[in-house]
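Each chain, written out:
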Amino acid sequence: GDGKPLGRSSITLMPNVRSGTSAMMMVRAGTDVDGSFVFRNVPPGAYTIQAFGRPLGPALNLNGAPFGWMSVAVDGKDLDNLIVKVPAPRNVRGSIIFEGNTSSLPKPEQVRVQPMPVEFESSPMGGGPSPMKVNDDWTFEVNAMSGVRAVVVSAPGWTLKRITQGGQDITDVALDLREHDQNGLEISLT
């Protein structure tokens, strides 16, 4: 995101989902200290390169890492000097509202807000849960977001009623986190 090489990090190559392939194959490689990488013997076709920075949380959680992607077409010739940009990770912020009998609310740490990838080009193919926190005042923040994602919420004894943003119902709408944060979500549980 700052124009400098990531150094040693993880990078993957997989068939481009939009090409109509149903194969969920991926090849992993590491980058050199200068950020350079090589994938050898790649057959012709449409591919997506995914690059990961250093995770913000546990080292093995790729969903906790800055992430960038690039679509490429391989036609039998070498592709040189590709630059996969890894921008600063995006965040999702908002608040949680409980409707109905609020005499037995869950503890904030029992509530999970997880925007899940709905397409696997601009979002990582794997990894654990993204770093997130629900505060005592029922505001929340989910970090290290990228791509297009649908919000999934779990809270013991409660069910999602709706999600709004700016007064619009977005319960069944995916959030676009490819270029900017998503703020002001209001999650209603019943």
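Fair warning: this is a prediction, and the values are worked out from it, not measured in the lab.

Draft legend 1. The packing of aromatic side chains, seen in detail. Counted according to the given criterion, the structure contains four aromatic pairs. An angle of 70 degrees between the planes, with centres 4.8 Å apart, marks the rings of Phe98 and Trp158 as edge-to-face. Here Phe98 is found in strand S5 (residues 90-98), whereas its partner Trp158 is found in the loop between strand S9 (148-154) and strand S10 (160-165), with 60 residues between them in sequence. This pair shows no difference in class: Phe98 is buried, exactly as Trp158 is. Ring pairs connect the aromatic residues Phe98, Trp138 and Trp158, which therefore count as one cluster.

Draft legend 2. Fine view of the confidence of the model for the protein. Averaged over every residue, the pLDDT of the protein is 88; the share at 70 or more is 90%. Per-element averaging of pLDDT across the protein places strand S2 (residues 27-30) at the bottom with 84 and strand S13 (residues 182-189) at the top with 98.

Draft legend 3. Representation of the nonpolar core in the model. If you look at the biggest cluster of nonpolar residues, it comprises 22 residues, and the most contacted ones within it are Ile96, Phe140 and Ile187. For this core, the secondary structure elements donating two or more residues are S5, strand S7 (132-134), strand S8 (139-145), S9 and S13. If near-sequence neighbours (up to four positions away) are discounted, Phe140 is found in contact with Val92, Arg93, Gly94, Ser95, Ile96, Val113, Lys133, Val134, Asn135, Leu185 and Ile187. Core analysis: the next-biggest nonpolar cluster, separate from the first, contains ten residues, Leu13, Ile49, Val72 and Val84 among them.

Rules of the game
- Residues numbered from 1 in each chain as written.
- Predicted model: local features only at pLDDT ≥ 70, side-chain atom pairs only at ≥ 80, totals over all residues.
- Heavy atoms only, no water.
- Phe/Tyr/Trp six-rings, centres within 6.5 Å; stacked < 30°, edge-to-face > 60°.
- Helix = DSSP H or I, 4+ residues; strand = E, 2+ residues; numbered from the N terminus.
- Buried < 20%, exposed > 50% of the residue type's maximum accessible area, 1.4 Å probe, protein only.
- pLDDT = per-residue confidence, 0-100.
- Core = buried A, V, L, I, M, F, W, Y, C linked by side-chain atoms within 4.5 Å.
- Contact = heavy atoms within 4.5 Å.

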